[in-house]
Amino acid sequence: MTNEDFTGQPDDERVATGANPAPDAGTGADDAATQPVAAAGESEDREPNVVEEELSELDKTLLRVSELEEELARRKADLYNLGQEYNGYVKRSKADARAQYEAGITKVIDTLLSVLDDAALARQHGDLTGPAGAVVDKLEQTLQTNFGLVRYGEPGDEFNPEHHEALMNQTSADVEVQQVAHIIQPGYKQGEKVVRPARVGVVSPE
């Protein structure tokens, strides 16, 4: 009995039409199963790189922000120091201007002291009268009003070594404390500042 009796086809026809279909089908299924896995693997490889790039950009941005904050802090410190230097300069300038102003007044007063001494001596002798006396009185009043210059020193004042310069000294049982006996040269002061101490003769208790 031949193969034709079982299949209804000759052996040659079965060989021509079959061509091993089962192995081809199996190979195609294996390929199809592996294709999605490979694609998934490629996607997983790309996603970490994207995250790393994003983190890297974020780190750069944060670093730049930190640098800008530090630079801003330095600029604020520089501005503060500049303001302090300016304020110090203004204070020093005002102090220097005031000192120069007072020095100028002191120089003028020192120059006029000899004139005032002559005027006081002439007044004691009764020679300072008429227009000359009026001019001297006006000068003394101007110096007192504008610059606070006043003359001091009278007989009977209690002796003060900070205000008086004793050129003569004598003792007496009539006094209980050391005091001014007579004025040799009057003193001058501006407020509490002694421009020139009064030169006096002093009497002390025995």
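Residues numbered from 1 in each chain as written. Predicted model: local features only at pLDDT ≥ 70, side-chain atom pairs only at ≥ 80, totals over all residues. Heavy atoms only, no water.

This paragraph deals with the environment of A173. Position of A173 relative to the elements: it lies in the loop between β2 (164–172) and β3 (179–185). Each C-alpha atom, one on A173 and one on S204, is 8.4 Å from the other, the two residues being 31 residues apart in sequence. (Helix = DSSP H or I, 4+ residues; strand = E, 2+ residues; numbered from the N terminus.)

Time to look at the pattern of salt bridges. According to the stated counting rule, one finds nine salt bridges in the structure shown. Across the salt bridge formed by E102 and R98, the nearest N and O atoms sit 3.1 Å from each other. You can see E102 and its partner R98 sitting in helix α3 (residues 21–124), four residues apart, about one turn around the helix. E102 sits in the partly exposed class, given a relative accessible area of 38%. By relative accessible area, R98 is classed as partly exposed at 48%. One salt bridge in this structure joins R151 and E140, with 3.0 Å as the shortest N-O distance. You can see R151 sitting in strand β1 (residues 149–152) and its partner E140 sitting in helix α4 (residues 130–147), a full 11 residues away along the chain. (Salt bridge = Lys/Arg side-chain N within 4 Å of Asp/Glu carboxyl O. Buried < 20%, exposed > 50% of the residue type's maximum accessible area, 1.4 Å probe, protein only.)

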